[in-house]
Amino acid sequence: MTMASYRSDDTANQIKARLTMDEVARHYGFEPNRAGFMRCPFHQGDHTASLKIYAGDRGWHCFGCNSGGSVIDFVMRLYDINFRQAVLRLDLDFGLGLSQAPQRSRAEQSAILEARRREAERRAVFEREYHEKTVEHRYWWEVLKYFAPTKEDAAAGFIHPLYAEALRRQPYLEYWLEENLGKGVIT
Ligand SMILES: [Zn+2]
């Protein structure tokens, strides 16, 4: 048996000890009557409420379809999930805090930190580049406005070199900014 399943069994026992079937049923929307019976969700047309809920950790039993078990069995069948998933779900839904995140080795830990650092660095570089491109875009936009050929220029066939340069640069910058809009700014 692996360490993980040892832990999961241990968690399962704690869940069974801490949660009654009554509170689990109510949490998931069922309303057992005073005698502890409710309609069985596992067989069709149970109009007589044949699922009996027992006190403490004794679980449930349906006299209609003869199914039964612990709170974990109930959640497994209700959500069609396996044992481990049901244990985790109960733990989370009831905020028991029993399932610990798996221990990471120091190597894994530092690999994660390193990846995070690289990602932050990549984002910083990108944001700098995006800002520079925005400033440049703004500059060429001003150039296009102020150095646009006048009628006289046009007649003389004169185009200001800055204006010509702006005509070359601007479409690329517009394309780049459009393409990268929103990238890297997500945290
Ligand atoms: Zn049943």
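Every residue gets a number counted from 1 within its own chain, in the order that chain's sequence is written. Confidence filtering applies because this is a predicted model: local features only for residues at pLDDT of at least 70, side-chain atom pairs given and counted only at 80 or more, and all residues used for totals across whole chains, interfaces and linings. Working from all heavy atoms in the structure, the side-chain values ignore hydrogens and water.

Right, let's get into the nonpolar core. Joining through side-chain atoms within 4.5 Å is the link that ties buried Ala, Val, Leu, Ile, Met, Phe, Trp, Tyr and Cys residues into a set, and such a set is a nonpolar core. Buried, partly exposed and exposed residues are distinguished by accessible area as a fraction of the type maximum, computed with a 1.4 Å probe on protein chains only: under 20%, between the cut-offs, and over 50%, respectively. In terms of nonpolar packing, the biggest core is built from 24 residues, with Ile15, Val24, Leu51, Ile72, Phe74 and Leu90 touching the most fellow members. Of all the secondary structure elements, the ones that give two or more residues to this core are α1 (3–18), α2 (21–27), β2 (51–53), β3 (60–62), α3 (71–79) and α4 (83–93). We count a stretch as a helix when DSSP gives it H or I for four or more residues in a row; a strand needs E for two or more, and each element gets its number in order from the N terminus. The biggest single contributor to this core is α3, with 4 residues. A contact between two residues is defined here by any heavy atoms of the two lying within 4.5 Å. Apart from the residues lying within four places of it in its own chain, the contact partners of phenylalanine 74 are Met21, Val24, Phe30, Met38, Pro41, Phe42, Leu51 and Trp60.

Another aspect to go through is the domain arrangement of the chain. Partitioning the chain into domains gives domain 1 (3–93) and domain 2 (106–180). Residue ranges for the domains trace back to a domain assignment, done automatically or taken from a database. Placing a centre on the C-alpha atoms of domain 1 and another on those of domain 2 gives a separation of 61 Å.

Working definition: rings of Phe, Tyr and Trp (its six-membered ring) pair if their centres are within 6.5 Å, and the pair is stacked with planes under 30 degrees apart, edge-to-face with planes over 60 apart, and tilted otherwise. According to the stated counting rule, one finds 11 aromatic pairs in the structure shown. Note on phenylalanine 37 and phenylalanine 63: the rings are 6.4 Å apart at their centroids and 45° apart in plane angle, and the pair reads as tilted. Pair noted here: phenylalanine 37 is in strand β1 (residues 37–38) and phenylalanine 63 is in the loop between β3 and β4 (68–69), with a separation of 26 residues, a long-range link. Ring geometry for tyrosine 130 and tryptophan 176: centres 5.8 Å apart, planes at 40°, overall tilted. Residue tyrosine 130 is found in helix α5 (residues 106–146), and its partner tryptophan 176 is found in helix α7 (residues 161–180); the two are separated by 46 residues along the sequence. The class for tyrosine 130 is partly exposed, based on a relative accessible area of 21%. Taken together, the ring pairs in this structure connect Phe30, Phe42, Trp60 and Phe74 into an aromatic cluster. Two limits define a charge over a ring: the Lys NZ or Arg CZ must be within 6 Å of the ring centre, and within 35 degrees of the ring normal. The ring of tyrosine 79 carries the charged tip of arginine 89 above its face, separated from the ring centre by 3.9 Å. Sitting above the plane of the tryptophan 176 ring, lysine 133 keeps its charged end 4.7 Å from the centroid.

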